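# Breakdown of the fold
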Amino acid sequence: MRTTNAAAGPTTTRPRAARWALGVLQVLLAALYLFSAFGKISLDPMVVEGFAMMGIGPGLTVTIGVIELAAAIGLLIPRLSGLAATGCVVLMTGAVISTLATLGGAMVLVPAVVLVCVAVVAWVRRHETVALVRDPRAALTR
C-alpha cells in the first residue's frame, strides 16, 4: 500500500514480515559485498589472479572493491539502500556479462543470484529511491 504525505513525500507501508525479510536480505547482501570488497581492496593474490583471468588489472580490481564497500555501507542505511541496490544492479549486470564472456558456464551463477537479490531490494525500495533522487535534501532530512 502506497500513501502520500504532502510534507514528507511518498511513503510505503509493508507488512512486518516483509520489512524483516527485506532487512535481513539487505544485511546479508551488505555482508557479502563487504567480504568481497576486502579481498579486492587488499589485493588478495587469489582475487587478483581471478580478475587477471578476465583481463582486469589490479587498479580496476581495487576500484571495484571500493564500489562494493560503498554499496555495503549504502545497503545498511535505510534512506540510501534503494539507491545503493540500484547501483549494485548495474555493478552485478557487468559482473554477469564479464563472467559469462570470460569464464562462462557455472561461474556465472553466483553473480547472477546476487543480481537477482539486489534487483529485488532495488524494486521494493524504488519509491524511496525516486524520492531521494527528486529531492535529496528533503529525503535525507526526514
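Residues numbered from 1 in each chain as written. Predicted model: local features only at pLDDT ≥ 70, side-chain atom pairs only at ≥ 80, totals over all residues. Heavy atoms only, no water.

## Quick notes on the confidence of the model for the protein
Spelled out, the test is: Confidence scores labelled pLDDT are given residue by residue by the predictor and lie between 0 and 100. Under the DSSP-based scheme used, a helix requires at least four consecutive residues in state H or I and a strand at least two consecutive residues in state E, with every element numbered from the N terminus. In this description, contact between two residues means that some pair of their heavy atoms is separated by no more than 4.5 Å.
Chain-level statistics for the protein give a pLDDT mean of 89 and a share of 90% at 70 or above. Confidence scores differ between elements of the protein, with strand β1 (residues 2–5) showing the lowest mean pLDDT of 46 and helix α5 (residues 109–124) the highest of 97. Across residues 1–9, confidence stays below pLDDT 50; counting only partners more than four residues off in sequence or on other chains, it has nine contacts.

## A closer look at the pattern of salt bridges
For clarity, the threshold we go by: Salt bridges, as used here, are contacts in which a Lys or Arg side-chain nitrogen is within 4 Å of a carboxyl oxygen on Asp or Glu. Summary of the burial criterion: residues with accessible area below 20% of their type's maximum are buried, those above 50% are exposed, and those between are partly exposed, where the area comes from a 1.4 Å probe applied to protein chains only.
For the coordinates displayed, the defined rule picks out two salt bridges. Note that Glu68 is salt-bridged to Lys40, the shortest N-O span being 3.1 Å. One end of the pair, Glu68, is in helix α3 (residues 58–76); the other, Lys40, is in helix α1 (residues 16–41), with 28 residues separating them in the sequence. Each member of the pair, Glu68 together with Lys40, is buried.

## Here we look at the nonpolar core
Using the following cut-off: For the purposes of this section, nonpolar cores are sets of buried Ala, Val, Leu, Ile, Met, Phe, Trp, Tyr and Cys residues that join through side-chain atoms within 4.5 Å.
Membership of the largest hydrophobic core comes to 20 residues, with the highest contact counts inside it found for Leu29, Tyr33, Leu75, Cys88, Val114, Val118 and Val121. Broken down by element, this core gets its largest block of residues, five residues, from helix α4 (residues 81–102). The residues contacting Leu75, other than those within four sequence positions of it, are Gln26, Leu29, Ala30, Tyr33, Ser81, Ala84, Ala85, Cys88 and Val121.

## Re the packing of α3 against α4
Stated formally: Fitted lines through C-alpha atoms serve as axes, helices being fitted only where they are in contact, and the angles separating the N-to-C directions of these axes extend from 0 to 180 degrees. An angle below 35 degrees is treated as roughly parallel, one above 145 as roughly antiparallel, one from 65 to 115 as roughly perpendicular, and anything else as oblique. Take the far helix as the reference: if the near one is turned anticlockwise from it by less than a right angle, the crossing is left-handed, and if turned clockwise, right-handed.
Running from N to C, α3 and α4 point in directions that differ by 150 degrees, and their axes come no closer than 8 Å. Comparing their axes, α4 and α3 come out roughly antiparallel. In this structure, α3 meets α4 at a crossing whose hand is left-handed. Taking contact as the criterion, the partners of Ile64, Ile67, Glu68, Ala71, Gly74 and Leu75 in α3 are, on α4, Ser81, Ala84, Ala85, Cys88 and Leu91.

## So, the side chain of Glu68
Stated precisely, the cut-off is as follows: Polar contacts, as counted here, are pairs of nitrogen or oxygen atoms within 3.5 Å of one another; within protein the pair requires one atom able to donate a hydrogen and one able to accept it, and residues that are adjacent in sequence qualify only if both atoms are side-chain atoms.
Accessibility expressed as a relative area gives 6% for Glu68, which makes it buried. Only 2.9 Å separates the side chain of Glu68 from the side chain of Ser36, close enough to count as a polar contact. Ignoring anything within four residues of it in the chain, the contact list for Glu68 reads Tyr33, Ser36, Ala37, Lys40 and Leu91.

## Things to note about the packing of α1 against α5
As a reminder, the rule being used: Note that Gly is not counted as nonpolar here; it falls among the polar residues with everything else outside the nonpolar set of Ala, Val, Leu, Ile, Met, Phe, Trp, Tyr, Cys and Pro and the charged set of Asp, Glu, Lys and Arg.
Where α1 meets α5, the axes come as close as 11 Å, and the angle between the chain directions of the two elements is 135 degrees. The angle between α1 and α5 falls in the class oblique. When the axes of α1 and α5 are compared, the crossing they make is left-handed. Residues Leu22, Leu25, Gln26, Leu29, Leu32 and Tyr33 of α1 form the contact with α5, whose own contacting residues are Val114, Cys117, Val118, Val120, Val121 and Val124. A breakdown of the residues in the contact of α1 with α5 according to their chemical character gives eleven nonpolar, one polar and no charged.

## As for α5
Here is the rule we go by: One fewer than the residue count of a helix, multiplied by 1.5 Å, yields its expected span. By definition, the arc is the one covered by directions from the helix axis to the C-beta atoms.
Here α5 contains 16 residues, and its C-alpha end-to-end distance of 23 Å stays within 8% of the 22 Å for a straight helix at 1.5 Å per residue. Taken residue by residue, α5 has Pro111, Val114, Val118, Val121 and Ala122 as its buried positions. Seen from one end, α5 has its buried residues packed into an arc of 100 degrees, which puts them on one side. α5 presents Leu109, Val113, Val116 and Trp123 as exposed residues on the side facing more than 90 degrees away from its buried surface. Those residues of α5 hidden inside the fold are in contact with α1, α3, α4 and α6 (126–134).

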